[in-house]
Amino acid sequence: MERTEFVSAANISERLAQPPALAISTVIFALRPSEKTGRPTLWLPLVRRIREPFKGLWALPGGPLTQADSLQDAAARNLRDTTGLAPSYLEQLYAFGGLHRSPSQRVVSIVYWALVQSTEAELAQESENVQWFRADGLQELAFDHNEIVNYALWRLRNKMEYGSIAYHLLGEKFTLAQVREVYEAVLNRKVDPANFRRQLKQTPYIEPTDEFLQGGKHRPPRLYRYTGEDAHTWPGGKAGDIGPPGHPPSRP
């Protein structure tokens, strides 16, 4: 018994002396139709863990950081390997390094977030162990991935003031109604259509094209394009300046 306790204490001491492992995880947001209403809602792909710890639970796509990859290359590679996606918008979100994130070892995760258009999301690989879920109201995920998703949602909602964020979810050309649908899907609330349209048309960075969206039952709506930079804002202002309790502060 004494030897067992000695070995156990030695193993714990040795483990504490080891440097933390580094990993990459990615939160991928895309608009997909609601199963109930058919309106655009915010979704993200998750990967089912096939080994311990947390075997059987869903988790964010990711993996260990190797010597061969830069941080961004590692995030892009993990996305390709798990979902087949190669999003154009891939940005570092935050580093999560809580002491008890993993029961087996200390792990520091560099988390990226990506935005993909719905047409891209339709091409994502899905299988028994890779599936899409509604971003709001997720079940219990592995590790601290619920906290990571909540923080990514908060950041996305705050950054909806920037035109380029909506652009990455919409594509090059869009209708004004589609912009409103993006805003409603991300913020998870309704906005007044007439007021939003009026403010949007007054924004100098929304440029009308000579094209119209075809295929509807009514008069086809005009297509627009966004011509601004990241510093310019969408109508409606900030989605909120204060983060959830216990979360890291927002960064520019």
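To keep things clear, this report deals only with the structure shown in the data block. Every value quoted in this text rests on a predicted model; they were computed, and no experiment measured them.

**Focus on the overall build of the protein chain**
Then comes step 1: From N to C terminus, the protein chain includes seven helices and 10 strands.
Then comes step 2: For the protein chain, buried positions account for 42% of its 252 residues.
Then comes step 3: In the protein chain, once contacts between residues fewer than 6 apart in sequence are set aside, the share between residues at least 24 apart is 65%.
Then comes step 4: When the accessible area of the protein chain is evaluated, it comes to approximately 14,300 Å², of which 50% is carbon and sulfur surface.

**A look at the side chain of Asn158**
Then comes step 1: In this structure, Asn158 sits in helix H4 (residues 145-158).
Then comes step 2: Overall, Asn158 belongs to the buried group, its relative accessible area being 9%.
Then comes step 3: Of note is the side chain of Asn158, whose polar atom sits 2.9 Å from the backbone oxygen of Trp154.

**Focus on the layout of surface pockets**
Then comes step 1: Of the pockets and cavities examined, the largest pocket occupies roughly 610 Å³.
Then comes step 2: Lining the largest pocket are 27 residues, with Arg49, Gly62, Gly63, Pro64 and Phe143 positioned closest to its centre.
Then comes step 3: Among the secondary structure elements, those contributing two or more residues to the lining of the largest pocket are strand S1 (21-33), strand S2 (40-48), strand S4 (62-64) and strand S6 (107-116).
Then comes step 4: The element contributing the most residues to the lining of the largest pocket is S1, with five residues.

**Some points on the packing of helix H6 (residues 176-187) against helix H7 (residues 193-201)**
Then comes step 1: The N-to-C vectors of H6 and H7 enclose an angle of 115°; their axes lie 10 Å apart at closest approach. With respect to H7, the element H6 is oriented roughly perpendicular. Between H6 and H7 lies a crossing whose hand is right-handed. Packed against H6, whose contacting residues are Leu176, Val179, Arg180 and Tyr183, the element H7 presents Pro193, Phe196, Arg197, Leu200 and Lys201 at the interface.
Then comes step 2: Of the residues assigned to the contact of H6 with H7, the class counts are six nonpolar, no polar and three charged.

**With respect to H4**
Then comes step 1: In this model, H4 (14 residues) spans 20 Å end to end at C-alpha, consistent with the 20 Å of a helix rising 1.5 Å per residue.
Then comes step 2: Within H4, the full set of buried residues consists of His145, Ile148, Val149, Tyr151, Ala152, Leu153, Trp154, Arg155, Leu156, Arg157 and Asn158.

Cut-offs applied
Residues numbered from 1 in each chain as written. Predicted model: local features only at pLDDT ≥ 70, side-chain atom pairs only at ≥ 80, totals over all residues. Heavy atoms only, no water. Helix = DSSP H or I, 4+ residues; strand = E, 2+ residues; numbered from the N terminus. Buried < 20%, exposed > 50% of the residue type's maximum accessible area, 1.4 Å probe, protein only. Contact = heavy atoms within 4.5 Å. Areas by Shrake-Rupley, 256 points an atom, 1.4 Å probe, with all protein chains shown as cover. Polar contact = N/O pair within 3.5 Å; in protein donor to acceptor, adjacent residues only side chain to side chain. 1 Å grid on protein atoms, 1.4 Å probe; cavity = no way out; pocket = protein on both sides within 12 Å on 5 of 7 lines; lining within 4 Å. Points joined across faces, edges and corners; volume = space filled by probe spheres on them. Axes fitted to C-alpha atoms, helices over the stretch in contact; angles between N-to-C directions. Parallel < 35°, antiparallel > 145°, perpendicular 65-115°, else oblique. Left-handed = near helix turned anticlockwise from the far one by under 90°. Nonpolar A, V, L, I, M, F, W, Y, C, P; charged D, E, K, R; others polar. Expected span 1.5 Å × (residues − 1).

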